[in-house]
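# Fold and geometry: a report
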Protein chains: 2
Amino acid sequence: MADPYQTHPRRIAIIGVGLIGGSFALAMREASRDITIVGYDKDEVNLAAAKQLGVIDSAVHSLAAAVKEADVIQLAVPVGQMETVLSEIAKVISATAIITDVGSTKGNVIEVAKKILGAAVNRFVPVHPIAGAENSGVRAARKDLFNQKSVVMVETDFTDPLPFEIIRRCWQACGARIELMTVNRHDSVFGVVSHLPHILSYTLVYDIATRIDAETFFHFAASGFRDFTRIAGSSPEMWKDIALANRETLLLELLRYQDLLRYFQDSLESQDGEAIENFFKIARDARRDWSD
Amino acid sequence: MADPYQTHPRRIAIIGVGLIGGSFALAMREASRDITIVGYDKDEVNLAAAKQLGVIDSAVHSLAAAVKEADVIQLAVPVGQMETVLSEIAKVISATAIITDVGSTKGNVIEVAKKILGAAVNRFVPVHPIAGAENSGVRAARKDLFNQKSVVMVETDFTDPLPFEIIRRCWQACGARIELMTVNRHDSVFGVVSHLPHILSYTLVYDIATRIDAETFFHFAASGFRDFTRIAGSSPEMWKDIALANRETLLLELLRYQDLLRYFQDSLESQDGEAIENFFKIARDARRDWSD
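Residues numbered from 1 in each chain as written. Chains lettered and ligands numbered in written order. Predicted model: local features only at pLDDT ≥ 70, side-chain atom pairs only at ≥ 80, totals over all residues.

## Considering the interface of chain A and chain B
The interface of chain A with chain B comprises 72 residues on the first partner and 72 residues on the second. Listed by contribution, the elements that provide at least two residues to the side of chain A that touches chain B are helix 7 (183–209), helix 8 (214–220), helix 9 (223–228), helix 10 (236–245), helix 11 (247–269) and helix 12 (273–291) of chain A. At 19 residues, the largest contribution of residues to the side of chain A that touches chain B is made by helix 7 of chain A. Counted by class, the side of chain A that touches chain B contains 43 nonpolar, 16 polar and 13 charged residues. (Contact = placed C-beta atoms within 7 Å. Helix = DSSP H or I, 4+ residues; strand = E, 2+ residues; numbered from the N terminus. Nonpolar A, V, L, I, M, F, W, Y, C, P; charged D, E, K, R; others polar.)

Okay, structure coming up:
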């Protein structure tokens, strides 16, 4: 290689050193010695912890300082903050820096990136690593978080091949399995398998929590409830952003889901045991096939 | 004690030697040496396994033979089969035998018991051990399944004190924590914390399984989906019975749940981020308090 920079970034700026940004930093440091990782986080306590834990080489206190001279800038902030962050860094990034993100929704992030980056969107690489956890913050970061996990890279008509390839190699160095998807397909699939269950789980806990005798209900909740509601322990701010960002998919999917609930209600209303058992059986069989 | 029979059954008949009946048998054998456990199961393969695994002392092949001379008869069949089983045994049970059940719903089981047992309902003790698992069948049975787990005993106006006390001691011998509830309270609480989440989880998997491109969706489903849908791996027959048995509670709770979903949809439609975040936050905080 004439220029190692081209396939191997030397200086990475992580904007938002939480679970995902922090784990990416740890995995990249593990994979490569000659790399410098600069971190920025609006939460100063979290940022100090990132430095103290050795997740980043240096903690900086302004976005401009973070992205200065960075080869790769990873935006690892909640999707609702992408626009603000991109606006702040757009004028200070170098002419060759690659910008990438790790947001759970892609349509709205891409829209914002196009609007703010203009022609520089050819160096924007939209990514979604599939490695959630209820815990957040840099203390939950682990160098093996992405090992053998899927990382979706969105195929666009605007990203240049080289930035795409560089980011792909970074994630491969983290142990991830790269999956390619279009933006619409991504938002539709994750709207159903991830965002919708979060809303359903939050809603069940809200349903119980807002009863005057909530305590009795929670007292008798057991392991099925625990599993079903684990994702309701996730960050409200992050999931508010995701819901808003994938709003159109979710409004559609909530209607479809409620059509199915009404089908179930009708079967129950008319005491159609065969229809109910068949409904459950289709789901049970599919769940078993999936887990096998 | 003048008569050890009064507080300590010598012969227990388990009707339906599955996860719950089998685990009760194992725990009772562990707690007491001078006890004989007779098992009946309409699934002959499961029944043979129960005998072979030492869960029961003898396997019998008719309900009449099972309940003959039994001090305690535990009905551990799906709630939809209670009526058939009770009808078959009503004429052959002894004049002192205690009948008890382990059904997940109580209102309909009590209704059936009153109808079929008549005056003998004073020896009927309705119980619900809170120890589910997706696995079923005697091979999943464990002697410590109820250890430190809640077992709800329904307080009725028809059960005599002595049968109630004898069954209470059996469950205490299994290591269970006894909780007392009225029948309506029981069905309402478990309708919300257990039955409703099962329906919601089955419905989400059904939603995905019935799409033409279900495979892609399942491919990207990750840990949040896994936890949320674990209960959709449960027995369709058993949960069909539970849904039918707790039909009125569930029809009501499904309406309440969908009212809350519509509140969420309205907030999303109008892009009211504050309302969405607050909705999630109330749920998140309650879920955290519960798990602590």
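Back to the write-up after that little detour.
## What about unusual backbone geometry?
In this model, Glu69 of chain A sits at a positive phi of 65 degrees, which is unusual for a non-glycine residue. Within the secondary structure, Glu69 of chain A is located in the loop between helix 3 (63–67) and strand 4 (72–75). One non-glycine residue with positive phi stands out, namely Gln148 of chain B, at about 65 degrees. Checked against the element boundaries, Gln148 of chain B lands in the loop between strand 6 (124–129) and strand 7 (150–154).

## As for the environment of Ile167 of chain B
All names here are of chain B. The residue Ile167 is located in helix 6 (residues 161–173) in this model. By C-beta crowding, Ile167 is classed as buried, having 24 other C-beta atoms within 10 Å. Separated by 143 residues in the primary sequence, Ile167 and Phe24 place their C-alpha atoms 12 Å from one another. (Buried ≥ 20, exposed ≤ 12 C-beta atoms within 10 Å, placed from the backbone.)

## Examining the packing of helix 12 of chain A against helix 10 (residues 236–245) of chain B
Contact geometry for helix 12 of chain A and helix 10 of chain B: axes closest at 9 Å, N-to-C directions at 135 degrees. Between helix 12 of chain A and helix 10 of chain B, the angle falls in the class oblique. Like other packed secondary-structure pairs, helix 12 of chain A and helix 10 of chain B cross with a definite hand, here right-handed. Contacts from Gly273, Ile276, Glu277, Phe280, Lys281 and Arg284 of chain A of helix 12 of chain A reach helix 10 of chain B at Pro236, Glu237, Trp239, Lys240, Ala243 and Leu244 of chain B. Class assignment of the residues belonging to the contact of helix 12 of chain A with helix 10 of chain B gives a composition of six nonpolar, one polar and five charged. (Axes fitted to C-alpha atoms, helices over the stretch in contact; angles between N-to-C directions. Parallel < 35°, antiparallel > 145°, perpendicular 65-115°, else oblique. Left-handed = near helix turned anticlockwise from the far one by under 90°.)

## Some words on the domain arrangement of chain A
Residue and element names in this part refer to chain A. By the assigned domains, chain A splits into domain 1 (4–181) and domain 2 (186–291). Taking the mean C-alpha position of each, domain 1 and domain 2 sit 31 Å from one another. The partner domain 2 presents 15 residues to the 14 residues of domain 1 that form the contact. Listing elements by their share of the side of domain 1 that touches domain 2, those giving two or more residues are helix 5 (107–117) and strand 8 (150–154). The residue inventory of the side of domain 1 that touches domain 2, partitioned by class, reads five nonpolar, seven polar and two charged. (Domains from an automatic or database assignment.)

## Structural notes on the sheet that holds strand 9 (residues 177–181) of chain A
Residue and element names in this part refer to chain A. As summarised here, the arrangement of the three strands in space is 7-8-9, forming an open sheet in which the pairing is mixed. Looking along the sheet, the strands with just one partner apiece sit at the ends: strand 7 (127–129) and strand 9. On average, each strand axis in the sheet is tilted by 25 degrees relative to the strand beside it, whichever way the strands run. Packing of helix 6 (residues 161–173) onto the sheet brings it into contact with strand 7, strand 8 and strand 9, and relative to strand 9 it is tilted by some 140 degrees. (Pairing = 2+ DSSP bridges.)

## Description of the relation of the copies chain A and chain B
Of the transformation superimposing chain A on chain B, the axial component is 0.0 Å and the angular component is 180 degrees, with the fit at an RMSD of 0.0 Å. Such a combination of turn and shift is consistent with a two-fold rotation axis. When C-alpha distances to the rotation axis are compared across chain A, the minimum falls at Phe228 of chain A, with a value of 2.0 Å. Both copies present the same face, since 100% of the interface residues in chain A are matched by interface residues at the equivalent positions in chain B. (Least-squares fit on C-alpha atoms with pLDDT ≥ 70 in both.)

## Describing the nonpolar core
The nonpolar side chains of a soluble globular protein tend to be buried with one another. Formed by 203 residues in total, the largest nonpolar core has its most connected members in Ile15 and Ile73 of chain A together with Ile15 and Ile73 of chain B. Once you skip the residues sitting within four places of it in the chain, Ile73 of chain A turns out to touch Ala13, Ile15, Val67, Ile89, Ile93, Ala97 and Ile99 of chain A. (Core = buried A, V, L, I, M, F, W, Y, C linked by C-beta atoms within 7 Å.)

## Here's the deal with the pairing of strand 5 (residues 98–101) of chain A
Looking down a regular strand, the side chains alternate between one sheet face and the other. All names here are of chain A. By the alternation rule, side chains of strand 5 split into Ile98 and Thr100 and Ile99 and Asp101, which are all buried. For the crossover from strand 4 across helix 4 (residues 82–89) to strand 5, the handedness is right-handed. In this structure, strand 5 lies alongside strand 6 (residues 124–125), joined through two bridges in parallel fashion. Following the sheet pairing, Thr100 is matched in strand 6 by Val125. (Right-handed = clockwise from strand over helix to strand, strands pointing away.)

## A short note on helix 1 (residues 19–31) of chain A
Residues and elements named next belong to chain A. Taking 1.5 Å as the rise per residue, helix 1 with 13 residues should run 18 Å; its terminal C-alpha atoms sit 18 Å apart, in good agreement. Of all 13 residues that make up helix 1, 10 are buried, and the element is covered over most of its length. Among the residues of helix 1, those classed as buried are Leu19, Ile20, Gly21, Gly22, Ser23, Phe24, Ala25, Leu26, Ala27 and Met28. The inward-facing, buried residues of helix 1 abut strand 1 (11–15), strand 2 (36–40), helix 2 (44–52), strand 4, strand 7 and helix 6. (Expected span 1.5 Å × (residues − 1).)

## With respect to the confidence of the model for chain A
Looking at chain A, pLDDT values average 94 and 97% of them are 70 or higher. Within the model, the stretch residues 1–5 of chain A combines pLDDT values under 50 with four contacts to residues more than four positions away or in other chains. (pLDDT = per-residue confidence, 0-100.)

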